[in-house]
Amino acid sequence: MEKKLKYALYTGCTARESTPELLKSTLAVAEKLGIELELLDEASCCGASHLQDFDDHLSLVLNTRNICYAEKQERTMVTLCNTCQLNTNMTKERIDHDPELKAKVNKDLAEVGLEYRGVSDVKHFLYAILDDYGLDNLEKQIVKPLKNFNVAPFYGCHNIRPSELHGNDESAYVPDSLDRLIQACGGNSVDYEEKNKCCGFHVDLQAPNTANRLSGNALLGAIDSDADFMVTPCPLCHLNLDVKQHKIGETMGRDIEMPVLHLPQIIGLALGIEPKKLGLNHHVVKSVYFQ
Amino acid sequence: MEQIITKKVTFKVFRFNPDNDVLPYYREYKLDVSQEDVVLDILNKIKWEHSGSLSYRRSCRHGICGSCAVKVNNKGVLACKERMFDLIDIFGTEMTIDPLSKERAVKDLVIDKEDFWKKYDSVQPYLVADVDAHPEKENIITPKEADQLLEADYCIQCGACYYSCPAVEVNPEYIGPAAMAKAYRFNGDIRDTAKVDRLETVSQMGSGVWDCVKCFECAEVCPKEVNPIEKITKLHLQTFEEGVAENNVATRHAVGFKRSIAKHGILDEGDLVLYSEGVCGMPQHLPEAWNMFKNGKLPMPWALPKSKNLDEIKKLVKISSTAKF
Ligand code: SF4
Ligand code: SF4
Ligand code: FES
């Protein structure tokens, strides 16, 4: 790399709480690749599409405030969660295209001495690696290719839909970024019908049967296509697929034992970073191959 | 002279005639596709030149009657609007053409949309208003008031969203994106008087807005860019605005985000679940919570992360809040 990549890292809540392995592995991979990540410790929760159902204006103001802190660093904001990416980017899209709305949001932000200018982009870590770092460069760093592993990519909704918003060249119907990344890490990416489908996370509490069945379809799809493990760029999908896996097995009437890895974890493994540093010990369903 | 560009495409078409067939099957056709072809041209070509028995619906051929929706490689499309060359860009030159729902196939690509219409009917999909039978003057709607509909009135009831919705697929009670968009269409109409009624219908647990999984499939697939999930979000907001939202696990979960953000900036995930579920709802989560605890996925109460400059967040929650529960 000629120029050091520098980003403002919006961790989201999950990476600091229920999926600590996501933050660990992201930081380890960034360090190894020489990518500078400055944590946005000032940021608040993105509202996860739920605050958005209750108070639209408040969710706009809070998400805009988060972007303001990336702007202070004059850097692109990198997210680690599909839903953070969706809500932050959707906020940006709306205020960038509506001067009246922008003024209204900025009026509130002025009360705490902030102003949104619209100078920082927002992108998920997956696309920072793909578009900015480049798979060619990544391939050169691979020391422990994931040879002989069948890896099932699970894209998660909010990075690929609505495609109009994301502008990441990903097709909502035939996404391929994760597949390409898996291959760059030396693995064999498997194709299965549910790879671009929903895990149901957002109705976990009120409609667990819906959520379990959607996650169940994905897990069984991966199993039936001979995957050794799954990989996802979204910690919310991960929570469903990993933490709830045994309950999902009960719903589906099948024994399920499918390790699910976070995106930076497979990159880290292929870069030769030790599993402990990537937080693999935090998973409920252990990735036996790497322990 | 302009050259006519054609590409050879292999189509596998879903065939099923319940009078003769025990099970559906796929029939293969290899056809030349030209630049101006839409999916309907291909279906016509198959019917007129290869299999006269192929059944599919179409009427207007102008993207307005909503009858011709099918799935190509699992992507819902309006056959008379979707350009073949665009599909080739996405999928290459092998395509499977299916009915919108294989379970509901009546013959070949024709499906029985009864479930769709039933749910559609349940939201009072019409204007409810005392209309003066002999008005003295025109009933004028300003452009701004018309804009409030957010183009929800563009829906042509093709069903592409409904039969692509994963929530409908696993929960047959869920009324689905098209009916929701329609509920919004009339709730957003200043002449209408049945807003609260509709909100009561669409906020039912098990079938209403809280059962949408927020996957954006409907927004992606809609050939008229109705963006149903955007309308569903608006309906959520309306249930709070109109005081229709009941106190239940889903509404407490939405409100709980504000509460949690006001406390720490970033969520207190455990507290959010407790607040949403109430003490009685917690036992079902205990096995997972224990697994999370064992694997270091639950921070201890004294080590909960908090945002920096929390006072700013607290102030904004105070001055920017617009909703009540
Ligand atoms: S966003 Fe909601 S309504 Fe739309 S397809 Fe997904 S679950 Fe169905
Ligand atoms: S919302 Fe769009 S996809 Fe759904 S029925 Fe209406 S026109 Fe068809
Ligand atoms: S034939 Fe009427 S919408 Fe396609």
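Keep in mind that what you see is a predicted model, and the values were worked out from it rather than measured. (Residues numbered from 1 in each chain as written. Chains lettered and ligands numbered in written order. Predicted model: local features only at pLDDT ≥ 70, side-chain atom pairs only at ≥ 80, totals over all residues. Heavy atoms only, no water.)

1. Notes on the interface of chain A and chain B
Rules: Between two residues, a contact is recorded if the distance between any of their heavy atoms is within 4.5 Å. Put simply, buried area is how much 1.4 Å-probe accessible surface two parts lose in total, over both of them, once they are put together. Only one rule defines a salt bridge in this text: a Lys or Arg side-chain nitrogen within 4 Å of an Asp or Glu carboxyl oxygen. Whenever two N or O atoms come within 3.5 Å, that pair is a polar contact, provided that in protein one can donate a hydrogen and the other can accept it, and provided that, for residues adjacent in sequence, both atoms are side-chain atoms. Helix and strand definitions here come from DSSP, where helices need a minimum of 4 consecutive H or I residues and strands a minimum of 2 consecutive E residues; each element is numbered from the N-terminal end. Residues are grouped as follows: Ala, Val, Leu, Ile, Met, Phe, Trp, Tyr, Cys and Pro are nonpolar; Asp, Glu, Lys and Arg are charged; all remaining types, including Gly, are polar.
Facing 72 residues of chain A, the contacting portion of chain B comprises 65 residues. In this assembly, chain A packs against chain B so that about 5,800 Å² is buried in total across both faces, 62% of it on carbon and sulfur atoms. Of all residues in chain A, the largest losses of buried area upon contact with chain B belong to A:Phe54, A:Tyr173 and A:Leu205, amounting jointly to 16% of the total for that side. Remark: the boundary between chain A and chain B carries 6 salt bridges. Taking the shortest distance from any N to any O, the salt bridge between B:Lys214 and A:Asp53 comes out at 2.7 Å. Along the contact surface separating chain A from chain B lie 27 residue pairs in polar contact (both at pLDDT 80 or more). Sort the elements by how many residues they give to the side of chain A that touches chain B and helix 3 (residues 56-72) of chain A lands first, with 7 residues. Here the residues of the side of chain A that touches chain B are counted per class, giving 30 nonpolar, 22 polar and 20 charged.

2. Some thoughts on the packing of aromatic side chains
All names here are of chain B. Note the cut-off: Note on aromatic pairs: the rings of Phe, Tyr and Trp (six-membered ring only in Trp) are paired at centre separations within 6.5 Å, and the planes decide the class, stacked below 30 degrees, edge-to-face beyond 60, tilted for the rest. Buried means the residue's accessible area, taken with a 1.4 Å probe over protein chains only, is under 20% of the maximum for its type, while exposed means over 50%, and partly exposed covers the values in between. Sitting over a ring, as applied to charges here, requires NZ of Lys or CZ of Arg to be within 6 Å of the ring centre and within 35 degrees of the ring normal.
Evaluated as defined, the whole model comprises 16 aromatic pairs over all chains. A ring pair is formed by phenylalanine 116 and tyrosine 120, whose centres lie 6.0 Å apart and whose planes are at 15°; its orientation type is stacked. In this pair, phenylalanine 116 and tyrosine 120 are both assigned in helix 3 (residues 114-121), 4 residues apart and thus about one turn of the helix distant. Residue classification places phenylalanine 116 among the buried positions, given a relative accessible area of 2%. Residue class for tyrosine 120 comes out buried when judged on its relative accessible area of 9%. Taken together, the ring pairs connect Phe116, Trp117, Tyr120, Tyr162 and Tyr163 into an aromatic cluster. Directly above the ring of phenylalanine 116 sits lysine 113, whose terminal nitrogen or CZ lies 4.9 Å from the centroid. Directly above the ring of phenylalanine 186 sits arginine 185, whose terminal nitrogen or CZ lies 4.2 Å from the centroid.

3. Points about the nonpolar core
Nonpolar side chains in soluble globular proteins tend to end up buried together. Short version of the rule: To form a nonpolar core, buried Ala, Val, Leu, Ile, Met, Phe, Trp, Tyr and Cys residues must be joined to one another through side-chain atoms within 4.5 Å.
Counting residues in each nonpolar core, the largest one holds 148 residues, and the members touching the most others are A:Met230, B:Phe11, B:Val39 and B:Val202. When residues of this core are assigned to their parent elements, the largest contribution, 8 residues, is made by helix 3 of chain A. The contacts of B:Val39, once residues within four sequence positions are left out, are B:Val70, B:Val72, B:Val77, B:Ala79, B:Glu82, B:Met84 and B:Leu87. Formed by 47 residues, the second largest nonpolar core is a distinct cluster that contains A:Ala28, A:Val78, A:Leu135 and A:Leu278.

4. Here's the deal with the confidence of the model for chain B
Convention followed: What pLDDT reports is the predictor's confidence in each residue, on a scale of 0 through 100.
Averaged over chain B, the pLDDT score is 96; the fraction of residues at 70 or greater is 99%. Prediction confidence for the complex, expressed as pTM and ipTM, is 0.96 and 0.96 respectively.

5. Describing unusual backbone geometry
Residues and elements named next belong to chain A. Following arginine 161, the chain continues to proline 162 via a peptide bond in cis, the omega torsion being -10°. Even without a glycine there, the phi angle at alanine 48 is positive, about 55°. With respect to the element layout, alanine 48 can be found in the loop between strand 2 (36-39) and helix 2 (51-54). Located in the positive-phi region is asparagine 148, a residue other than glycine, with phi close to 70°. Counting through the fold element by element, asparagine 148 comes out in the loop between helix 6 (125-141) and strand 5 (150-153).

6. Overview of the site of ligand 2
As a reminder of what qualifies: Here a residue is near a molecule or strand as soon as one of its heavy atoms is found within 4 Å of it.
Surrounding ligand 2, one finds 13 residues, the nearest of these being B:Cys155, B:Cys158, B:Gly159, B:Cys161 and B:Cys222. Partitioning the shell around ligand 2 into residue classes produces 10 nonpolar, 2 polar and 1 charged.

7. What to know about the sheet that holds strand 4 (residues 75-78) of chain B
All names here are of chain B. How we decide: Here, any two strands with at least 2 DSSP bridges between them count as paired. Orientation is described by axes fitted as lines to C-alpha atoms, over the contacting stretch for helices, and by angles from 0 to 180 degrees between their N-to-C directions.
Taken together, 5 strands build an open sheet; the order of strands is 2-1-5-3-4 and the sheet is mixed. Every other strand in the sheet has two partners, leaving strand 2 (25-34) and strand 4 as the edge strands with one partner each. Each strand of the sheet is rotated relative to its neighbour by a mean of 35°, with strand direction disregarded. By the bridge criterion, 4 bridges tie strand 3 (residues 69-72) to strand 4 in an arrangement that is antiparallel. Counterpart to lysine 71 in the pairing with strand 4 is glycine 76.

8. Quick word on the side chain of A:Glu170
Residues and elements named next belong to chain A. Spelled out, the test is: Two residue types count as positive, namely Lys and Arg, and two as negative, namely Asp and Glu; His and chain ends fall outside the count.
As for its position among the elements, glutamate 170 is in the loop between helix 8 (163-166) and helix 9 (177-184). No salt bridge is formed by the buried glutamate 170; the nearest opposite charge belongs to arginine 180, separated by 5.7 Å. Only 2.5 Å separates the side chain of glutamate 170 from the side chain of tyrosine 127, close enough to count as a polar contact. Among all residues touching glutamate 170, those that are not within four sequence positions of it are Tyr127, Tyr155, Ile160, Ser163, Pro175, Asp176 and Ser177.

9. What to know about the pattern of salt bridges
Pairing between side chains of opposite charge can happen when the charged atoms of each approach one another. Residues and elements named next belong to chain A. Scanning all chains against the criterion turns up 34 salt bridges over all chains. Put simply, arginine 16 and aspartate 41 hold a salt bridge, and the shortest N to O gap is 2.9 Å. Here arginine 16, found in the loop between strand 1 (6-10) and helix 1 (20-33), pairs with aspartate 41, found in the loop between strand 2 and helix 2; they are 25 residues apart in sequence, far enough to count as distant. For arginine 16, a relative accessible area of 23% gives the class partly exposed. A salt bridge links arginine 254 to aspartate 224; the shortest N-O distance between them is 2.9 Å. Linking arginine 254 in the loop between helix 12 (245-252) and strand 8 (260-262) with aspartate 224 in helix 10 (residues 208-224), this pair joins segments that are 30 residues apart in sequence.

10. Remarks on the site of ligand 1
Residues and elements named next belong to chain B. Taken together, the neighbourhood of ligand 1 is formed by 14 residues, with Cys165, Tyr174, Cys212, Cys215 and Cys218 sitting nearest. Of all the secondary structure elements, the ones that give two or more residues to the shell around ligand 1 are helix 5 (166-170), helix 8 (217-221) and helix 9 (228-241). A per-class count over the shell around ligand 1 returns 12 nonpolar, no polar and 2 charged.

11. Quick word on the sheet that holds strand 2 of chain A
By definition, the strands of a sheet pair up through backbone hydrogen bonds, in either a parallel or an antiparallel sense. Residue and element names in this part refer to chain A. Pairing in this open sheet of 4 strands is parallel, and the strands run 2-1-3-4 from one edge to the other. Each edge of the open sheet carries a strand with a single partner, namely strand 2 and strand 4 (122-124). Sheet twist, expressed as the average angle between the axes of neighbouring strands with direction ignored, equals 40°. Pairing geometry for strand 1 and strand 2, over 4 bridges, is parallel. In the strand pairing of strand 2, tyrosine 7 is matched with leucine 37. Lying over the sheet, helix 4 (residues 82-96) contacts strand 1, strand 3 (76-79) and strand 4, oriented at roughly 160° with respect to strand 4. Here helix 6 sits on the sheet and contacts strand 1, strand 3 and strand 4; the angle it forms with strand 4, its principal contact strand, is near 90°.

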